[in-house]
Amino acid sequence: MADEALDRDRELIGSRYIEVFASSSGQIQSRLARSDSAPFNVSQPTFSPKWGEQSGASNPANTLHYVHMRGMPFQATGRDIAHFFSPLPVSKILIEFGPDGRPMGEADVYFRSHQDAVSAMSRDRLHIGERYIELFLNSKNSTMGK
């Protein structure tokens, strides 16, 4: 099964390509240990029920409101990202890590609604520290076509 997964390296999901890396059990354990202590590092892109939404597993439309960030400083934290988008309410932040466990300078930031994600795009090319940040909208308006 792992070989089948590795064969999918650089295949597309929608219009985005994916990268698949082999990991040792030590790398996996190290990554899991870090994710348990990082308050903004989330493994499942689901939304908090406090907004009256169901989890993304039962309603896929809820997981479509996010912005991909590229060009972040490697030391950027979830708090830095939340501050970057302030005052917009951020639902989830997924910081991408490479196979060596180090940050890759990219993240997916989830919002409650399509409008919030669109509003977040106003920060495209603004800076975190000395780095300008590229933003890519990955959201669909759920009211379109109704």
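Our subject is the structure that appears above.
Calculation notes
- Residues numbered from 1 in each chain as written.
- Predicted model: local features only at pLDDT ≥ 70, side-chain atom pairs only at ≥ 80, totals over all residues.
- Heavy atoms only, no water.
- Helix = DSSP H or I, 4+ residues; strand = E, 2+ residues; numbered from the N terminus.
- Core = buried A, V, L, I, M, F, W, Y, C linked by side-chain atoms within 4.5 Å.
- Buried < 20%, exposed > 50% of the residue type's maximum accessible area, 1.4 Å probe, protein only.
- Salt bridge = Lys/Arg side-chain N within 4 Å of Asp/Glu carboxyl O.
- Polar contact = N/O pair within 3.5 Å; in protein donor to acceptor, adjacent residues only side chain to side chain.
- Pairing = 2+ DSSP bridges.
- Axes fitted to C-alpha atoms, helices over the stretch in contact; angles between N-to-C directions.
- Contact = heavy atoms within 4.5 Å.

Turning our eyes to something else, we now look at the environment of S119. Looking at the secondary structure, you find S119 in helix α4 (residues 114-120). C-alpha separation for the pair S119 and F85, spaced 34 residues apart in sequence, amounts to 9.3 Å.

In terms of nonpolar packing, the biggest core is built from 18 residues, with M69, I81, F85 and F111 touching the most fellow members. Looking at this core, the elements with two or more residues in it are β3 (66-70), α3 (78-85), β4 (90-97), β5 (103-111) and α4.

Turning our eyes to something else, we now look at the pattern of salt bridges. The full count for this structure, using the stated rule, is 4 salt bridges. One salt bridge connects E134 with R125, and the closest N-O pair in it is separated by 3.6 Å. What you see here is one network of salt bridges that share partners, running through R70, R125 and E134.

Examined against the element boundaries, S91 turns out to sit in strand β4. Taking relative accessible area as the criterion, S91 reaches 16% and is therefore assigned buried. A distance of 3.5 Å separates a polar side-chain atom of S91 from the backbone nitrogen of R112.

So, on to the sheet that holds strand β8 (residues 134-138). Pairing within the open sheet is antiparallel, and its 4 strands lie in the order β4-β5-β3-β8. On the outer flanks of this sheet lie β4 and β8, each paired with one strand and no other. Strand-to-strand twist in this sheet, taken as the mean axis angle between neighbours without regard to direction, amounts to 20 degrees. Sheet analysis places β4 next to β5, joined by 6 bridges and oriented antiparallel. In the strand pairing of β5, V90 is matched with F111. Lying on the sheet, α3 is in contact with β3, β4, β5 and β8; it crosses β4 at an angle near 130 degrees.

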